[in-house]
Amino acid sequence: EELMGALVFTCNGRGPSESVFIKEENLDASRFAEKFPNLPLMGFYCAGEIGPAARALVESSAFQSGLVSFQGFTAVFGIFVRPKLSPKPHTRYNDVARSEERLEAYLKSIRANV
């Protein structure tokens, strides 16, 4: 797997400048850059974010899906991951090869009946 880049959607109450609640400029982007120093990040500030349901005191993976909800005062990150390529042939290629064989057999049967 290879990380390609990321998007962040952050509540406008979380920055970009210091506030009563957040005592650091660009908090979410700064923390992301600490953990992923060479990964490109783009995003913008929102008036509400859509992402996995925020659940307090529940163990969960960083990779979540489903249970989407509208939230406030959050930062939602989407990371683009390129999967590892499988060493075995792609099944679609095999399906195409089989389709060509079937087509040839069909055409032979038509020619035989003409």
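My aim in this report is to walk through the structure given alongside it, one point at a time.

Rules of the game
Residues numbered from 1 in each chain as written. Predicted model: local features only at pLDDT ≥ 70, side-chain atom pairs only at ≥ 80, totals over all residues. Heavy atoms only, no water. Helix = DSSP H or I, 4+ residues; strand = E, 2+ residues; numbered from the N terminus. Buried < 20%, exposed > 50% of the residue type's maximum accessible area, 1.4 Å probe, protein only. Contact = heavy atoms within 4.5 Å. Patch = residues over 30% accessible without salt bridge, like charges linked within 9 Å, V, L, I, M, F, W, Y side chains within 5 Å. Areas by Shrake-Rupley, 256 points an atom, 1.4 Å probe, with all protein chains shown as cover. Salt bridge = Lys/Arg side-chain N within 4 Å of Asp/Glu carboxyl O. Pairing = 2+ DSSP bridges. Axes fitted to C-alpha atoms, helices over the stretch in contact; angles between N-to-C directions.

**Describing the environment of G5**
Relative to the helices and strands, G5 is located in strand 1 (residues 2–11). The class of G5 is buried, set by a relative accessible area of 7%. When the C-alpha atoms of G5 and G78 are compared, they prove to be 8.6 Å apart, with 73 residues separating the residues in sequence. In this view, G5 contacts L39, P40, G78, I79 and F80; residues no more than four positions away in its chain are not counted.

**Comments concerning unusual backbone geometry**
One non-glycine residue, N26, adopts positive backbone phi at about 50 degrees. With respect to the helices and strands, the residue N26 is situated in the loop between strand 1 and helix 1 (27–35). Assessed through its relative accessible area of 34%, N26 is described here as partly exposed.

**Re a nonpolar patch on the surface**
Nonpolar side chains collect at one region of the surface, where L3, F77, I79 and V81 lie side by side and expose about 280 Å² of accessible area between them. Of all the elements, strand 5 (residues 75–82) adds the most residues to the nonpolar patch, at 3 residues. With respect to the helices, strands and loops of the structure, V81 is situated in strand 5.

**Digging into the sheet that holds strand 5**
The mixed open sheet is built from 3 strands, whose spatial order is 2-1-5. Taken across any chain shown, the strands that pair with only one partner, and hence form the sheet edges, are strand 2 (41–46) and strand 5. Taking each pair of neighbouring strands and ignoring which way they run, the sheet shows an average axis angle of 15 degrees. With 6 bridges joining them, strand 1 and strand 2 adopt parallel strand pairing. Residue pairing in the sheet places V8 in a bridge with G43 of strand 2. Against the sheet, helix 1 engages strand 1, strand 2 and strand 5, with an angle of about 35 degrees to strand 5.

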